[in-house]
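# Secondary and tertiary structure notes
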Amino acid sequence: MNIKYLLVVICLWLCSISLSLTISDDGLMRVSLKRRNLDFDTLNSAIVLKSVDKNCSQKDVVVYLKNYFDVQYFGEIGIGSPPQYFNVVFDTGSSNLWVPSSKCIFSIACYFHSKYSSKISTTYKEIGIRCKIPYDQGYIYGFFSQDNVKVGDIIIKDQGFSEITREGNFALLALPFDGILGLGFQDISVGGVTPVWYNMIEQGQVLEKVFSFWLNKDPLGEIGGEIVFGGMDKRHFKGEHTYFPISQKGYWQIEVGDILLANDTTGFCDGGCAAIVDSGTSLIAGPTGVVTQINHAIGTEGYVSFECKSIVHNYGDLIWESLISGVCSLSLYVLIFSTLTFYLSRYVTCLQLNPEILCANIGLCSYNGFQRSNDVIETVVHNETRDGSQTTKSPFCSFCNMIVLWIQVQIQQSDAKEKVLKHVDELCERLPNPVGQSFINCSSVSDMPNITFSIGSKLFHLSPQQYILKVDDDKDSSPVCYSGFVALDVLSPQGPLWVLGDIFLKAYHTVFDYGNLRIGFAESV
C-alpha cells in the first residue's frame, strides 16, 4: 500500500526487539516478541517461537506476530519442500503473496533478506508470467510461481505467489520483513491469483471462514500479537464482538460515521465515510481536514499553510455570512448525469451545503469538480485511475472546502465569528506534516482528549495513550512522542476514506468474517 511502508521507514529508529524459539506438542506456530527499552541505536535479530494454545480449536491455525518498532507486525511462513522460511506482514489491505527471489541479483535489498529458490523445492511448479505489484510509491517487479506454503502447522498446496526480482521504489532494504502475505479479497489480487486465505478454505484447512487479529498493547509484553486462522483466542478480548457489514468487496471496507474530539464533532463524516481495516498499515490515516483538527486539539507540531491562511483572511467573512444567513444564492448549479446537463437556479440551505458548491460560488473551485474521479484504488492510497492519470484539484479549492467545514462545525457550537475565524486560522498552522511525523510534548499526553470513531450505532474510543506513540532515545534524554494520525486524501467516489491500521487494531481485537462478509470489533485485553 502507498503509505504503509513509508510510515515504517520513517519509524525505523523507534525500538529494538529479540525473540526465542520453542515448539509445542500440537505444532502450533507462534512468533513471540520480547522487547527491550525503546532505543535508537540497537536492532536485534528475530527468532521464531512456537508453543501451545489451549484456547483455540485443534483446527485453528495460530501464528504469533513480531512487533517491529511498535509500527509493524509480522510472522513466519514457509514456502517449498522442504520449507524455506520468510518473515511476512499479514496484510488485510492487499491480496498477493510475494517474497524475494533467488533470481533477484540487481537489487541490493534482496541481499539483506531471505530469498526463495525454486531449485531446492521438490513441489515447485513453474508459471513464469511477469507481474508488477503496486506498493509504496511505485511497484515491485517479478514473476508468478507455484509451490506449497506452510502457515503455522498447515500446508497449503499449489499456492500461487510472486517471486520478486526488482523492488522499484519500494524501500525493502530498510524493512525487517521479507515479503507480504495478502489477506484481502481476490477482487484486488494482481493477476487474479487465488489468495492464501481462499486456498486455506478450499482445501479444508480451517473449520470456520474467519481469521482474527490480536496486537499486544502491553509495551513490555513478550508476544507482539497473534493471528488465528479459523477462529479466535478468547483470552485476548472481553465482551462480545460488534459486527459491521463489508460495504465494498476487495478491501475489508466498512462505513464509519462522525469522528469525535472528546465529545465534539469534526464534521467531515456525518454523512458517512469509507474505512478500510488494514493490518498492513501502521498508523491511522484520514482526511486532512480531520487530522488537522486532531493536531490542533493535541498540540501537534504541523506546518503553516499561507494559502490556507490567505483564504481565511480574504474570504472568511464572506464564508461566515453565507453560512450564518442560512441560505446562499447560487446563480448556476451544474449537475452532470451521463451526457445530459441540467442548469438549475436555486437556493441551498448553507448549513447543509456541500462546501465545494459554496467555494465554487466565490470562485475558488470550479464545477468541473464533478468530473469522473478514480475508478479504482490500486493500493488503498493510490489516487490514480487505471490509465495512470492523477485526480487532483486546486490547493485553494481543497483549503476552501476544509475551511467551510471547519466553520460549519464551529457555527453548530454557536461560537462568535471572531473566535471561529481565529480558531480556523490556527488550524491553518497545524496542517499534517507531509514528509514526516507530527511530534508532540510527551508531558501533555494525559491532558489530550479521547478520539472516537462512530461505527454503526457504537462508539469506539481511542485514548491518548493508545494513539500517541512514544520512544526513548536513551537514559540521558527525554522520550519523544508523535501522533498516530496521518493525512490521507482520497477523492470521490472512493473517498473520503479512513485507513484503520495497527493503532486501531491494537485497541480492538478484530475478527475478519469472510463467510458472512463482515468485520467484528471487541475491546482488546
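Worth saying up front: this structure is predicted, and the values here are computed from it rather than measured. (Residues numbered from 1 in each chain as written. Predicted model: local features only at pLDDT ≥ 70, side-chain atom pairs only at ≥ 80, totals over all residues. Heavy atoms only, no water.)

### A closer look at the state of the cysteines
Scanning the entire structure with this criterion turns up 6 disulfides. Between Cys104 and Cys110 runs a disulfide, and the two sulfur atoms are separated by 2.0 Å. For the disulfide bridge between Cys104 and Cys110, the dihedral angle about the S-S bond is near 80°, and by the sign convention the bridge is right-handed. Side by side, Cys104 and Cys110 carry an identical accessibility label, which is buried. What pairs with Cys359 in a disulfide is Cys400, and their sulfur atoms sit 2.0 Å apart. Residues Cys359 and Cys400 are joined by a disulfide whose S-S torsion is about -95°; by sign, that bridge is left-handed. Of this pair, Cys359 sits in helix α5 (residues 355-361) while Cys400 sits in helix α6 (residues 395-412); the two residues are 41 residues apart in sequence, bridging distant segments of the chain. Per residue, the accessibility class of Cys359 equals that of Cys400, and both read buried. (Disulfide = S-S within 2.5 Å. Buried < 20%, exposed > 50% of the residue type's maximum accessible area, 1.4 Å probe, protein only. Helix = DSSP H or I, 4+ residues; strand = E, 2+ residues; numbered from the N terminus.)

### Quick notes on the pairing of strand β12 (residues 179-182)
Here β12 shows a buried face lined by Gly179 and Leu181 and a second buried face lined by Ile180 and Gly182. Relative to β12, strand β7 (residues 84-91) is paired through 4 bridges, and the arrangement is parallel. Residue pairing for β12: Val89 is matched across the bridge by Ile180. In the sheet, strand β8 (residues 97-100) pairs with β12 via 2 bridges, with the strands oriented antiparallel. Its bridge partner lying in β12, Trp98 is registered against Ile180. (Pairing = 2+ DSSP bridges.)

### With respect to the sheet that holds strand β20 (residues 284-286)
The sheet built from 5 strands is open, its strands ordered β16-β19-β29-β20-β28 with mixed pairing. Each end of this open sheet is capped by a strand with a single partner; those strands are β16 (253-256) and β28 (485-487). Along the sheet, successive strands turn relative to each other by an average axial angle of 25°, direction set aside. Where β20 meets strand β29 (residues 497-500), 2 bridges bridge the pair, whose relative direction is antiparallel. Opposite Ala285, over in β29, you have Val499 as the bridge partner. Lying over the sheet, helix α3 (residues 288-298) contacts β20, β28 and β29, oriented at roughly 140° with respect to β28. (Axes fitted to C-alpha atoms, helices over the stretch in contact; angles between N-to-C directions. Contact = heavy atoms within 4.5 Å.)

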